[in-house]
Amino acid sequence: AFASNFAYSLILPLVLSYWPLYSSKVVCLPVTTSFALLSLLFLISGTIRGLSMGLRNVERSQKLAVTTLMISVILLATRSGLLSVIGLLLFSVPHALVYPTTLYQAMKSSQSEVKANYVYSLSSGAAEVLSPILAGLVITGWGLEAIYVVAVPLALASMIASYA
């Protein structure tokens, strides 16, 4: 759960922070459309989270979330307008489910829920600190077009960690 969340937390800022720039510069969407799509992502994510509060099978939901994460970043990395938009909107599934399901798994696997929560939060925070550095290196080395390409192996790592 910790590794899956860490990889997801590296991807999260890449998707949310760089989408407006990527979508306007690489796939040529109007800026207002880019931000409207982000709002739609949050609306879908919030709806999924609200509907999933009574989950009975957390493990299955976690696997669905990381599998959808993988598909989402692959679509984002295509540089196609339509596929990138679909990828962004699919990102609402992991956005809604990865954090709560992996947190549940982390707390369930530890004898101390408080300690598990702190370690889990530390893994999220560390990834969110490293993500802009990673983005800077990718953009400097390969250009903005590659920002979501780097997310593909991270999503794969998150998926492998969840299925392990």
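Keep in mind the model is a prediction, meaning the values are calculated, not measured.

Colleague: Looking at this structure, I do not really get unusual backbone geometry. What am I missing?
Modeller: Trans is the common state for peptide bonds, and a negative phi is the common state for residues other than glycine. Positive phi, normally seen in glycine, also occurs at C28, with a value near 60°. Tracing the chain through its elements places C28 in the loop between α1 (2-25) and α2 (31-51). If you check the backbone angles, R79 has positive phi at about 70° while not being a glycine. Along the chain, the position of R79 falls in the loop between α3 (58-76) and α4 (81-90). On the basis of relative accessible area, R79 is assigned to the partly exposed category, the value being 43%.

Colleague: I keep staring at α1 and nothing clicks. Help me out?
Modeller: Given 3.6 residues per helical turn, the α-helix brings residues three or four places apart onto the same face. Taking 1.5 Å per residue as the helical rise, α1 with its 24 residues ought to reach 34 Å, and the 34 Å between its terminal C-alpha atoms agrees with that figure. Considering bend angle alone, the principal kink of α1 is centred on Y18 and spans about 60°; proline P20 follows within four residues of it.

Colleague: Can you walk me through the packing of aromatic side chains in this structure?
Modeller: Aromatic ring pairs are described here by two measures, namely the spacing of the ring centres and the angle between the planes. In the structure shown here, the tally under the stated rule is 4 aromatic pairs. For the ring pair Y22 and Y148, a centre distance of 4.7 Å and an interplane angle of 80° mean the geometry is edge-to-face. With Y22 in helix α1 and Y148 in the loop between α6 (113-142) and α7 (151-163), the pair connects residues that are 126 residues apart, well separated along the chain. Across the pair, Y148 and Y22 agree in class, each one buried. Each member of the aromatic cluster is reached from another via a ring pair, and the members are W19, Y22 and Y148.

Colleague: Looking at this structure, I do not really get the nonpolar core. What am I missing?
Modeller: When a protein is soluble and globular, its nonpolar side chains tend to lie buried together. Of all hydrophobic cores here, the largest spans 37 residues; its most connected members are I11, W19, Y22, L88, F91, I147 and Y148. Ranked by the residues each element gives to this core, the list is headed by α1, at 9 residues.

Colleague: Can you help me understand the side chain of S158 in this one?
Modeller: In this structure, S158 sits in helix α7. Excluding anything up to four places from it in sequence, S158 contacts S4, A7, Y8, V66 and L69.

Colleague: I would appreciate a short explanation of the packing of α3 against α4 in the present structure.
Modeller: When two helices pack together, their arrangement is given by the angle between the helix axes and the distance between those axes. Running from N to C, α3 and α4 point in directions that differ by 155°, and their axes come no closer than 7 Å. As far as their axial angle goes, α4 and α3 are roughly antiparallel. Crossing hand, α3 versus α4: left-handed. Contacts between α3 and α4 pair T68, I71, S72, L75 and L76 from the former with L83, S84, I86, G87, L88 and L90 from the latter. A per-class count over the contact of α3 with α4 returns 7 nonpolar, 4 polar and no charged.

What counts and what doesn't
- Residues numbered from 1 in each chain as written.
- Predicted model: local features only at pLDDT ≥ 70, side-chain atom pairs only at ≥ 80, totals over all residues.
- Heavy atoms only, no water.
- Helix = DSSP H or I, 4+ residues; strand = E, 2+ residues; numbered from the N terminus.
- Buried < 20%, exposed > 50% of the residue type's maximum accessible area, 1.4 Å probe, protein only.
- Expected span 1.5 Å × (residues − 1).
- Bend = angle between axes of the 7 residues up to and from the residue.
- Phe/Tyr/Trp six-rings, centres within 6.5 Å; stacked < 30°, edge-to-face > 60°.
- Core = buried A, V, L, I, M, F, W, Y, C linked by side-chain atoms within 4.5 Å.
- Contact = heavy atoms within 4.5 Å.
- Axes fitted to C-alpha atoms, helices over the stretch in contact; angles between N-to-C directions.
- Parallel < 35°, antiparallel > 145°, perpendicular 65-115°, else oblique.
- Left-handed = near helix turned anticlockwise from the far one by under 90°.
- Nonpolar A, V, L, I, M, F, W, Y, C, P; charged D, E, K, R; others polar.

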